[in-house]
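Chain by chain, the residues run as shown.
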Amino acid sequence: MGIYLEMFITFFKIGCLAFGGGYAVIAILQKEVVELKQWVTNDELTDIMAISQTLPGIIFVNSATMIGYRKKGLLGATVATITSCLPTFLLILLLTFVIWGFTDNPIVHKAFIGILLGVTALILNSVKKTWKTAVKHYSDVILALLSAALMLFTNINVVIVLLLLAALGFAKNIYFLKKEEKQHVNAH
Amino acid sequence: MSTLIDLFLVFLKIGAISFGGGYAMIPFFETEMVSHNWVSLADYVKVIAIAQVVPGPFAVDSSSYIGFKVAGIVGAIVATIALCIPSFVASVIITKFYTQFKANRYVNALLMGVRPAVLGLLLSAAYIIGLKPLYQTTHTFMSLTMLKAFIMAVAGYFVLNQKKVKIGTFTFIAATAVVGILLF
């Protein structure tokens, strides 16, 4: 029982500290689960973060689940996942409840417009970062532009656009893979 | 009961298809809550603004709030758990079969193949958060407000990318609130 309580406390703490996403969260995990608790090694954490980013879903949940699972199987994964999300769950409901009445105030309203444009800048920044890992070939540029055009300028459901683009990207990668194999065979 | 099942299925779906995580999930949330008439975009963006001072993944902020609006505290719990289930299942399976998975070319072709599409999701998210709420109140793109909003978002991007002064996310968000009050 002791280990689960320890996991509960550690992941709750991580959930409370996980501001800013991405790199900030990696630093917190490094300190809490690698250095302090030694539940995973630094190499394992690097692997975990890399896989978390490729899987669908919430990156933070992916990494908490994987760490919990390595340490204590399915139950460990469940404890890690639920407790790491608990602070966010409680705080957003509480804060929304407290702040909501003020959001119609003109000054608060203007501050919110400013914050949302700040978030827009943060999103543009992650466009730049994603571009670096997503675009390896001119065909990727075409897929990215097609995706943007369909999502911004048409009313096609976003799920359908994503599935279509995923299928195109998959087919394209398989095509290049086969082509490469063929060249490899011819070279011999 | 049927509302809870609806919530569960919708958030399960979002959790399963949201490649790229983070901001790339915004278009999915927006599409579903508008089509189900659960929450207005004007209210949702307020929650995104508040979420900037809340730790943890903002997808959980979104599911908690939308779930709560639709079916109270039970709705919040159902939506959040449903959203996390696909990530949870995928992560457990991956941990078990990581070596086979890493070597599989088809899996890699899919995971790499979907990445360019994430760029479209992100640009769409930037529009939904930055310009669409303003468009819904002014009904035009040709206004001073829109121009100011556009300039502020682009200027913010350059501030984030300059190398001279290191700015934390908190400081940045606080500064944008002040600029917002002065500018709009």
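Predicted model only: the values in this text are computed from it and were never measured.

1. Focus on the overall build of chain B
Along its length, chain B carries ten helices and zero strands. Walking chain B from its N terminus toward its C terminus, one meets helices and strands in the order α-α-α-α-α-α-α-α-α-α. In terms of overall dimensions, chain B has a C-alpha envelope of 55 × 45 × 30 Å along the principal axes. Per-residue burial over chain B gives 53% buried out of 184 residues. Partitioning the contacts of chain B with sequence separation of at least 6, the portion at a separation of at least 24 is 59%.

2. Structural notes on the UniProt feature "transmembrane region" (unreviewed entry) in chain B
Residues and elements named next belong to chain B. UniProt records the feature "transmembrane region" (unreviewed entry) at residues 7-29, 70-94, 106-129, 141-160 and 167-183, using the numbering of this structure. For residues 141-160, the end-to-end C-alpha separation is 25 Å, with 85% helix and 0% strand making up the annotated structure. A distance of 21 Å separates the end C-alpha atoms of residues 167-183, which is 88% helix and 0% strand.

3. Focus: helix 4 (residues 59-99) of chain A
Helix length check: helix 4 of chain A, at 41 residues, gives a terminal C-alpha distance of 28 Å against a target of 60 Å (1.5 Å per residue), a shortfall beyond 12%. The largest bend in helix 4 of chain A is about 145°, located at Lys72 of chain A.

4. Side note on the nonpolar core
Core analysis: the largest hydrophobic core is formed by 102 residues, its most contacted members being Phe11 and Tyr44 of chain B. In terms of residue count, helix 4 (residues 58-96) of chain B provides more of this core than any other element does, 13 residues in total. If we ignore the near neighbours within four places in the chain, the residues touching Phe11 of chain B are Phe29, Trp38, Ser63, Ile66, Ala79, Ala82 and Leu83 of chain B. In terms of nonpolar packing, the next biggest core, distinct from the first, is built from nine residues, Ile113 of chain A together with Met146, Ala149 and Phe184 of chain B among them.

5. So, the layout of surface pockets
Volume-wise, the second largest pocket comes out at about 620 Å³. As for the second largest pocket, its lining consists of 25 residues, of which Met151 and Leu152 of chain A together with Ser124, Tyr127 and Ile128 of chain B are closest to the centre. Only helix 5 (106-134) and helix 6 (138-153) of chain A together with helix 2 (26-35), helix 7 (115-130) and helix 9 (144-161) of chain B provide two or more residues apiece to the lining of the second largest pocket. Broken down by element, the lining of the second largest pocket gets its largest block of residues, five residues, from helix 7 of chain B.

Conventions and cut-offs
Residues numbered from 1 in each chain as written. Chains lettered and ligands numbered in written order. Predicted model: local features only at pLDDT ≥ 70, side-chain atom pairs only at ≥ 80, totals over all residues. Heavy atoms only, no water. Helix = DSSP H or I, 4+ residues; strand = E, 2+ residues; numbered from the N terminus. Buried < 20%, exposed > 50% of the residue type's maximum accessible area, 1.4 Å probe, protein only. Contact = heavy atoms within 4.5 Å. UniProt positions renumbered as here; feature names shortened; annotations may be inferred. Expected span 1.5 Å × (residues − 1). Bend = angle between axes of the 7 residues up to and from the residue. Core = buried A, V, L, I, M, F, W, Y, C linked by side-chain atoms within 4.5 Å. 1 Å grid on protein atoms, 1.4 Å probe; cavity = no way out; pocket = protein on both sides within 12 Å on 5 of 7 lines; lining within 4 Å. Points joined across faces, edges and corners; volume = space filled by probe spheres on them.

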